[in-house]
Structure formats: structure tokens, C-alpha cells
Amino acid sequence: MATEAEVEVEKEKPKSDIEENTRNLMQSIKGKVEDTCLEKFEEKEVAVVPEVLVIGGGIAGMYAALDIADAGFKVHLVEITPSIGGHMAQLDKTFPTLDCSACILTPRLVDVGINPNINLMSCAEVTGVEGSVGNFKVKVLKRAKYVDEKVCTGCMACEEACRLKGRIPNEFDLGLMKRAPIYRPFPFAIPAAYSIDPASCLMLKKGKCGKATLESTIEAVKKREKGEEVTKNEAPPCVLMCGPNCIHHDMKDETVELNVGAIIVATGYDIIEPTVSPEYKYGVYPNVIHGLEFERYSSASGPTFGKIIVADMPEPKDAVFISCVGSRNKQTGYEYCSRVCCMYLAKHAHLLKEKVPTCNITVLYQDVRAFGKGFEEFYNHVKEEGNNYRRGLASEIYKKPGSDRVVVRGEDTMLGEPFEIEADLVVLGVGLKPSAGTDELLKLLGVGQTVDKFAKEAHLKLRPVDTDVDGVFVTGCAQAPKDIPDSVAQGKAAAAAALALIGSGKTKVRTSVTGIEEELCVGYKSLREMADKMGAA
């Protein structure tokens, strides 16, 4: 500690002199640290590879890729599923304008698929990242599709001929519809080619389909290339019916190495499992479904062709929508607001009222958060349609004895009284969480995470798409829960940031600090003591 005499001397100095001396002392310490401990910080100028990697083919990743590609730069778009489009492709309508999701998304899917500057890699994932800003070396594992997508015409003949047609749960429809082992996720999927699911294909699982073996199938494909006839015992039905002869059961996974100047993370979201709130009996009662399942029931391309017929029951006479399932709950581990749940439940209430006008609809909520442009007006419109909003979440759901109906029990916190509502259908407004694999990917990239496990941005207010790793940007629901307009806006922002980096051709890189000298960094009670120790005073 400074002596009393030193303190008095400091007090006698003019305040400006004290500030100036402190500033000079700190600068001296900084210079001494750089010279003696870390040598000298140097900013090296390096060339930037004029290519960008976008991880995730949802709406945010698609718009980021399109903007960069349209600017004339090469983009590698990596998507882990067989098709791009993300969860938006599963939706029926979008709030608050009620635009058909497929109608506004499909043109963008086609734009991505035909853009010559976009290298679209579906069924692929990033497995390794090295290097730094301007020159990242990335390894991408491309899983075998067992179909040559450059030759496949998407004619459906293989799917129609498959022995297991209509027996495998379709992930796109959340298991509500069935598909064949050889399939396209949905009719307007891009890439517009089929792929084989190795976990369900008889040939890939057992090495045999009917009397055809893997060896005979490989030979049959070669014979067909020569124009020779092939019998049904030599190849499975899918190969026999494939006009372009593009099915190859001997395809192997391959690892592709990319060299890019910037990386954009757009890995999207998964829904919070409704089972985190067991009191709602999801998975126990078939007429208790979650919001994304309602989207598929409501969609004309869904399992019931747009009719709200759940679990083979008639159209509902009474329905209850419950918000904040999973979100804003310490017990479930998801304490944050997912932002979209209030509005998509309002949309669901509107769609159900439109499809079943006689249905009595009740929406149970904590708070209605209609924060976006046109959201409040849409929420008011839904209430004016006769839908009943009650403040207070359900405490439990149980089955009415002797009936397929359920009873929703809770407390109306506005009136301060309990309620019980009978319903034919209950829709759980589940929240959003980072998609599976995001945690491992962020660790691979060196990007931090928030307490909610989303990617940590460099600055929440001023640098929302930047990360602490130079050259790595984050967008969409990988950064935080958000709706489609915000995801698109952030995707375009990430594209602009990446373009600013690769467009200049060069960037400055500071020398990395790999270690510190603890003795010089801790244990000092004043700047002067530290300066004396270092000889900087």
C-alpha cells in the first residue's frame, strides 16, 4: 500500500497531472509486457480465401448463402438432412400475414439449388476445423446417399416399387406419415433427388432384398449400363425400376476438405421435448400433441390433408392450447422465453377456427408476448374471432373416465379461481432449443455458448452476428430463439459481415497469446508496485 506521505503528495498534484501520469504509467507497463513477455504484438496481413462455408440449410442459412453467391463468391452450404428448408418447410402458414409457407419458401429452395456459386452438400456435417480468419481448413463428412443425385430425376418409380413402401416413419412429418427406405423428405425438397436410408433398407442392413444380393445388384447395375437385360432375382425392385440407373448400393461415405475465408453457423433449432412437462401426458394420450405436429395436421400436404383429425378421432368440438411448455421454467432447465410460442399458438387457434368454425377454443397463457411488426394486431384479431384467452397455465391433464376426451385442470390467475376444461384436442406450445449437435460444433469452432446453450455473440447489442472467433459468424436460431423475419434479417447480416471480410482480399491477424506469466499478472496492490517490479517506472 502507498504510504501516507505518498498519498498526500498525490493529492497535492493537479487532477490532470495525476490522470496523465497514470496514463503514461499504464502505457509503459503495456509496452514492457509486449517487449519482455510476449515480444511485440504484430498485426500480420494475410490473404483471404474468397469462399464461405455456411453450416445449416434452414431459412437463415439459405439467405446467407444466396446473398454471398449473388455477390459472385463461392459458397459451400452444408446441411445434415437430405434437404434444405429447415423447420419452415414443415409449416402450414406463417404469422402474422398467414402466407402459405411452402409458397414463399419453394422459390428460395430452387434459387439455392440452381445457383452455380453454391456447392450444396446435403447429408453432410462438419467434422474438423483448423486455421484462422481468412484461411480456415474444414473437413466435411458427406454421407453416402446411395443415389447419384446428379443423374436422379425424382421420378418416384423407385419409391413406388420398394418392398417396404409406406412402412418407415417419415421424420419430416414427425412420424405421422410413413415413407419407403428410398425417399425424398417432402415433394418440393431440394436437392430434388432421392436418397436411401441405410438404417431401414433391406439391402444395406442385411445384404439382401428378395433373392438379390449386394454382389448381384452391383453386377446388375453394370449390366444395365451396357444395355443388357437384368432379371428380378439379380437386383431389388428399386434398381429394376430406375430408368436413369442411378441407384448404387456400394456408395461409400467420403470426407471433403474445404478451404474458406469465413464460416457462418446457421444450425437452427429443435423443439423442447414435451415430455419435460409430464403433467401434460404427451405420449400418453394420443389427442395431446405439440405445435409442430399441429402444423403437419393443418397442412394440405400433411397426414390428414389439412383436416384436423388427430388419432382417428372426429374433428374437435373443444380444443385447448397451452403456451410456454418447457420454456420459462426452472424445473425443465429452459428458463428463457422462446419468443415464437405465443404467436404460433394464436395462428393455430385461428387456423382451427377457420377449419372447424364450431370448435370452442381456449388458449391458456402466462403472458402474451406479441412483440413483432403486426403481431399485436394479429393477436387482437384472433381474440375477436371468439377464441377464449385465459391467464393461467394448466397444472395437469387427465383422461375423462369412459371417454376419449381429456380434462385440462388449472387456475385462472386473473379471477383467482380453479378451472377444469374438457377437450377433444390439446396442443402444447413447446419452446425452442439449439439443434442437436450444436454444442459439439461450437466447441470445434472455438465459439462460446451462453448459459442457455445458444452460440455466444461477440456483443449482444452491437455485434449480434459476430463471435469472439474472427471470421466465424452466427445467425438464426443458433444465436437465440427467433421468428422467420428475424432469422432472414440476421442471415443477411451475417452474409454482409462475411462479404466485408472476403471482399477486401486481405485481413489483419494479431499474434495469438498462448500463455501468460502469472507472477507478473497477480499479487500487486498498485500500478506503481507492478511497474517497479517490471522496471517500467
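Conventions adopted
Residues numbered from 1 in each chain as written. Predicted model: local features only at pLDDT ≥ 70, side-chain atom pairs only at ≥ 80, totals over all residues. Heavy atoms only, no water. Pairing = 2+ DSSP bridges. Helix = DSSP H or I, 4+ residues; strand = E, 2+ residues; numbered from the N terminus. Axes fitted to C-alpha atoms, helices over the stretch in contact; angles between N-to-C directions. Contact = heavy atoms within 4.5 Å. Left-handed = near helix turned anticlockwise from the far one by under 90°. Nonpolar A, V, L, I, M, F, W, Y, C, P; charged D, E, K, R; others polar. Buried < 20%, exposed > 50% of the residue type's maximum accessible area, 1.4 Å probe, protein only. Polar contact = N/O pair within 3.5 Å; in protein donor to acceptor, adjacent residues only side chain to side chain.

### Quick notes on the sheet that holds strand β25 (residues 425-430)
What the five strands build is an open sheet, ordered β18-β25-β19-β20-β21; its pairing is parallel. The outermost strands of the open sheet, each flanked by one partner alone, are β18 (288-290) and β21 (388-391). Each strand of the sheet is rotated relative to its neighbour by a mean of 25°, with strand direction disregarded. Both strand β19 (residues 318-325) and β25 contribute to a ladder of five bridges, which runs parallel. Paired with Phe321 across the strands is Val427, a residue of β25. Here helix α10 (residues 341-355) sits on the sheet and contacts β19, β20 (360-365), β21 and β25; the angle it forms with β25, its principal contact strand, is near 155°.

### Some words on the packing of α10 against helix α11 (residues 375-384)
Taken N-terminus to C-terminus, the directions of α10 and α11 make an angle of 40°; their axes are 10 Å apart at the nearest point. Judged by the twist between their axes, the crossing of α10 over α11 is left-handed. Contacts between α10 and α11 involve Met343, Ala346, Lys347, Ala349 and His350 from the former and Phe375, Phe378, His381 and Val382 from the latter. Residue classes in the contact of α10 with α11 are distributed as six nonpolar, two polar and one charged.

### Side note on the environment of Glu422
Here Glu422 is to be found in strand β24 (residues 417-423). On the basis of relative accessibility, which here comes to 31%, the residue Glu422 falls in the partly exposed class. Separated by 13 residues in the primary sequence, Glu422 and Arg409 have C-alpha atoms spaced 8.9 Å apart. Not counting the four nearest positions on each side in its chain, Glu422 is found in contact with Asp318, Lys400, Arg405, Val406 and Val407. There is a polar contact of 3.1 Å between the side chain of Glu422 and the side chain of Lys400. One polar contact links Glu422 to Arg405, side chain to side chain, over a distance of 3.2 Å.

### Things to note about the pairing of strand β8 (residues 135-142)
Every regular strand shows the same layout, with side chains that alternate between the two sheet faces. Across eight bridges, the pairing between strand β7 (residues 124-132) and β8 is antiparallel. Paired with Ser132 across the bridge in β8 is Asn135. The hairpin formed by β7 and β8 contains two residues between the paired strands, and Gly134 there has a positive phi angle of roughly 90°. Pairing geometry for β8 and strand β15 (residues 254-260), over seven bridges, is antiparallel. Within β15, the position partnered with Phe136 by the bridge is Val260.

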